[in-house]
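Each chain is listed here by its residues.
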Amino acid sequence: MAEHEHVRVAVIGSGFGGLGAAVRLRQEGITDFVVLERAGSVGGTWRDNSYPGCACDVPSHLYSFSFAPNPDWPRTFSGQEHIRAYLERVADDFGLRPHLRLDSEVELMTWDEDELRWHIETASGSLTADMVVSATGPLSDPKIPDIPGLDSFPGRVFHSARWDHDFDLRGKRVAMVGTGASAIQIVPSIQPEVAKLTVFQRTPPWVMPRVDRAIGTAERRLHRALPLTARLRRGLLWGIRELQVQAFTKHPDELGLVEQLAKRNMARAIKDPALRARLTPDYRIGCKRILLSSAYYPALARPNVDVVASGVTEIRGSTVVAADGTGTEVDAIVFGTGFHVTDMPIAERVVGVGGVTLAEAWKGGMEALRGGSAAGFPNWLSVIGPNTGLGNSSMILMIESQLNYLADYLRQLDTLGGRTALDARPAAVARWNRRVQERMKRTVWNTGGCTSWYLDASGRNTTVWPGTTGEFRRATRRVDLTEYEVLRKPATPRPAAVPSEAVA
């Protein structure tokens, strides 16, 4: 990185959000930007998560950019390797490589109130930027619970998002801690090769069949020859999910029928009544994310798999002790325990107006105007920020909406002219957040009777959007300048003229 480099925009992260922002900047004619990435390659979540069986639970043709359609998806639900390859192609096809700064983890971002710019310290050097787009993503920093004795465990320990590919699981006794979206893909993938697999389950998930299939050569050829057919396919997938939103956000009782379908899915594979009882959730379906798998339940029914319906409380040597008092000897512990979503570590490194960190500003809960702007952090936009998550559709739709907002944000700065910054008004942020939280009260995520990663430490839902993706698209189409304080850097005054008679 060049010494004292200055750019108009610094994008943090090179997953879907960061690469999408980079493409949109180029489409807007902006080339004075960099993408700061802490790893050695692009991909974000789809680079970091390479565990066995890793795949997306959103259909491929919807889980891709509208401006970068891929007619060659090999399956209706694509695997990690195909999604990562897609993102690499996006970086190539849209000329993003010159803008990438790999191995450049952001260590500190500080707002300069006099110069109206951000000072950014990274692992590879420092730079300044007029604007920061934070696209670090909520699923980027793994969370491993603080379990007594874990440090002295003699075997291997790793998180699903940091899979240890050098460790051979064949013939080993393995503990899978957690039963979320990653775990239900890992379990059936490793079950055939391990000697014993013990799944530690605090809360059982609702699991629906995953209707996945290979996309044939003829289909792919059709999408290449007639791109309209791929757009129609994407539109249909989007429309179905938009129609489902009402049940999640306004009428959770309508989800009862879906619960019955999920129970039948379980009953087909799990014949043991005791096991079936342990696997049956006691909360409304949809309160936690509905998981998709046709292999998870059959794997749990295999003789080398045990399900312990308790969380882990202690590690004694090589024994994993559960809350129910049972102990299990294992050679390896795999954590599928999620991520720091409502307490993202990057927030500690963002210092805004008055020296306040983003973590301090959000100590009572994350909130941002239209999911992007936090009060006291001028010219800083978050992609996949507070209350932009989805429970049933593709996050790419939300990302593209936020990219629309980013583009108009930069246009507004251009129109205002000079050294200018926009700082979200606290009243505007509070008003937006009140509306979001008021709508949240009726949703299944708040009324379904579960505790999920959607909720922060105070029990407030600061992650999910309580509406349709179409509503969010309309809400982020334009920047409303009345919601911002306009900051300007005074022009440098000219030196006062010296009277000629005073000159010696």
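Draft legend 1. Seen up close, the pattern of salt bridges. Counted by the stated rule, this structure contains 31 salt bridges. With a shortest N-O distance of 2.6 Å, Arg8 and Asp414 are connected by a salt bridge. In this pair, Arg8 is assigned in strand E1 (residues 5-12) and Asp414 in helix H11 (residues 395-416), connecting sequence segments 406 residues apart. A salt bridge links Arg411 to Glu28; the shortest N-O distance between them is 3.1 Å. Of this pair, Arg411 sits in helix H11 while Glu28 is found in the loop between helix H1 (16-27) and strand E2 (33-36), placing the two residues 383 residues apart along the sequence. Within this structure, Arg24, Glu28, Asp408 and Arg411 form a network of salt bridges that share partners.

Draft legend 2. Quick peek at the sheet that holds strand E14 (residues 319-322). Pairing in this open sheet of three strands is antiparallel, and the strands run E13-E14-E15 from one edge to the other. The strands lining the two open edges of the sheet, one partner per strand, are strand E13 (312-316) and strand E15 (327-329). The sheet shows a mean angle of 25° between the axes of neighbouring strands, taken without regard to direction. The pairing of E13 with E14 spans four bridges and is classified as antiparallel. Note on E14: the bridge partner recorded for Ile315 is Val320.

Draft legend 3. Expanded view of H1. If you check H1, its first and last C-alpha atoms are 16 Å apart, about what 12 residues at 1.5 Å a residue would give, namely 16 Å. Counting buried positions along H1 yields 10 of 12 residues, so the element is predominantly enclosed. Against E1, E2, helix H2 (45-48), helix H3 (80-93), strand E6 (125-134) and H11 lie the buried residues of H1. Immediately downstream of H1, the backbone of Gly29 shows phi near 85°, a positive value.

Each value, and the rule that gives it
Residues numbered from 1 in each chain as written. Predicted model: local features only at pLDDT ≥ 70, side-chain atom pairs only at ≥ 80, totals over all residues. Heavy atoms only, no water. Salt bridge = Lys/Arg side-chain N within 4 Å of Asp/Glu carboxyl O. Helix = DSSP H or I, 4+ residues; strand = E, 2+ residues; numbered from the N terminus. Pairing = 2+ DSSP bridges. Axes fitted to C-alpha atoms, helices over the stretch in contact; angles between N-to-C directions. Expected span 1.5 Å × (residues − 1). Buried < 20%, exposed > 50% of the residue type's maximum accessible area, 1.4 Å probe, protein only. Contact = heavy atoms within 4.5 Å.

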